[in-house]
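As a plain string of letters, each chain reads:
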Amino acid sequence: DALSALYSRMRNGKKALFYAKLHAGIKKNGRQKYRNMILMGEAYYKLSNLDSAAYYFQGALNSPKYTHKCNAYMRLADIAMHKGDSALSLKMERQYSAYKDSLNQTSLVSQLVSKEDEILLQKEREKYELIVKRYVLIGVLLILFVLLILILLYRVVRKHYALRGKVDKQLHKTGVIE
């Protein structure tokens, strides 16, 4: 797949065709079918075998993906122009433009949806962080409250023992306790 595209860009049609055929033989599932047709058509186009290229590009028009249709219509317009059929070339260019516009609109819609999802995720993240901050604040206040209670208890106990010590001293002085 990648090698075929690379050799096609390097204008080496024979190697592009070889790797496109090799890839088509390996990957025959529906997801790759139309991509393979584009690669085969491109390889034949680079070899100037326009009839075979047109055959594969025509097959790629059945793809549900706009990117495949755009590529196919663009090359079919080029093939028609090479063959001298300017009317068909113009028709294919119009189809290419229509699918390109649809592809751009679909891209914009998906970008909007993605942005909305990102905003919702950000709001959820902020809400979660606010809840965590509240729990941390409540935890800190609870710890401070417990520390305050312990300090007060410590003072009360210390005063109690200090008072008890004074009482014991007085009782020893008066001779009540020996």
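Described in the following lines is the structure provided in the data block. (Residues numbered from 1 in each chain as written. Predicted model: local features only at pLDDT ≥ 70, side-chain atom pairs only at ≥ 80, totals over all residues. Heavy atoms only, no water.)

What follows covers the nonpolar core. Counting 27 residues, the largest nonpolar core has Tyr 45, Ala 53, Phe 57, Ala 72, Leu 76 and Ile 79 as its most contacted members. Listing elements by their share of this core, those giving two or more residues are α1 (2-9), α2 (13-26), α3 (30-46), α4 (50-60), α5 (66-82) and α6 (86-174). A per-element tally of this core places α3 first, with 8 residues. (Core = buried A, V, L, I, M, F, W, Y, C linked by side-chain atoms within 4.5 Å. Buried < 20%, exposed > 50% of the residue type's maximum accessible area, 1.4 Å probe, protein only. Helix = DSSP H or I, 4+ residues; strand = E, 2+ residues; numbered from the N terminus.)

Turning to the side chain of Arg 75, a few remarks are in order. One can find Arg 75 in helix α5. You can call Arg 75 buried: its relative accessible area is 14%. Within the local environment of Arg 75, its side chain forms a polar contact with the side chain of Glu 42, the two groups lying 2.7 Å apart. Those residues in contact with Arg 75 that lie beyond four places of it in its chain are Glu 42, Tyr 45, Lys 46 and Phe 57. (Polar contact = N/O pair within 3.5 Å; in protein donor to acceptor, adjacent residues only side chain to side chain. Contact = heavy atoms within 4.5 Å.)

A few words now on the packing of α4 against α5. At a minimum axis separation of 9 Å, α4 and α5 run at an interaxial angle of 150°. Classified by the angle their axes make, α4 and α5 are roughly antiparallel. You can see that α4 and α5 cross each other, and the crossing is left-handed. Contact residues: α4 offers Leu 50, Ala 53, Ala 54, Phe 57, Gln 58 and Ala 60, while α5 offers His 68, Lys 69, Ala 72, Arg 75, Leu 76, Ile 79 and His 82. Its residues assigned to classes, the contact of α4 with α5 comprises 8 nonpolar, 3 polar and 2 charged. (Axes fitted to C-alpha atoms, helices over the stretch in contact; angles between N-to-C directions. Parallel < 35°, antiparallel > 145°, perpendicular 65-115°, else oblique. Left-handed = near helix turned anticlockwise from the far one by under 90°. Nonpolar A, V, L, I, M, F, W, Y, C, P; charged D, E, K, R; others polar.)

It is worth spelling out the pattern of salt bridges at this point. Opposite charge on two side chains lets them pair, provided their charged atoms get close. For the coordinates displayed, the defined rule picks out 6 salt bridges. Of the charged contacts, one joins Glu 118 and Lys 115 as a salt bridge, the two residues approaching to 3.6 Å between their closest N and O atoms. Residue Glu 118 and its partner Lys 115 are both found in helix α6; the two are separated by 3 residues, about one turn of the helix. Across the pair Glu 124 and Lys 127 runs a salt bridge, and its minimum N-O distance is 3.8 Å. In this pair, Glu 124 and Lys 127 are both assigned in helix α6, 3 residues apart and thus about one turn of the helix distant. Salt bridges linked by common partners bring Glu 42, Lys 46, Arg 75 and Asp 78 together as one network. (Salt bridge = Lys/Arg side-chain N within 4 Å of Asp/Glu carboxyl O.)

These results come straight from atomic positions and should not be treated as a statement about function.
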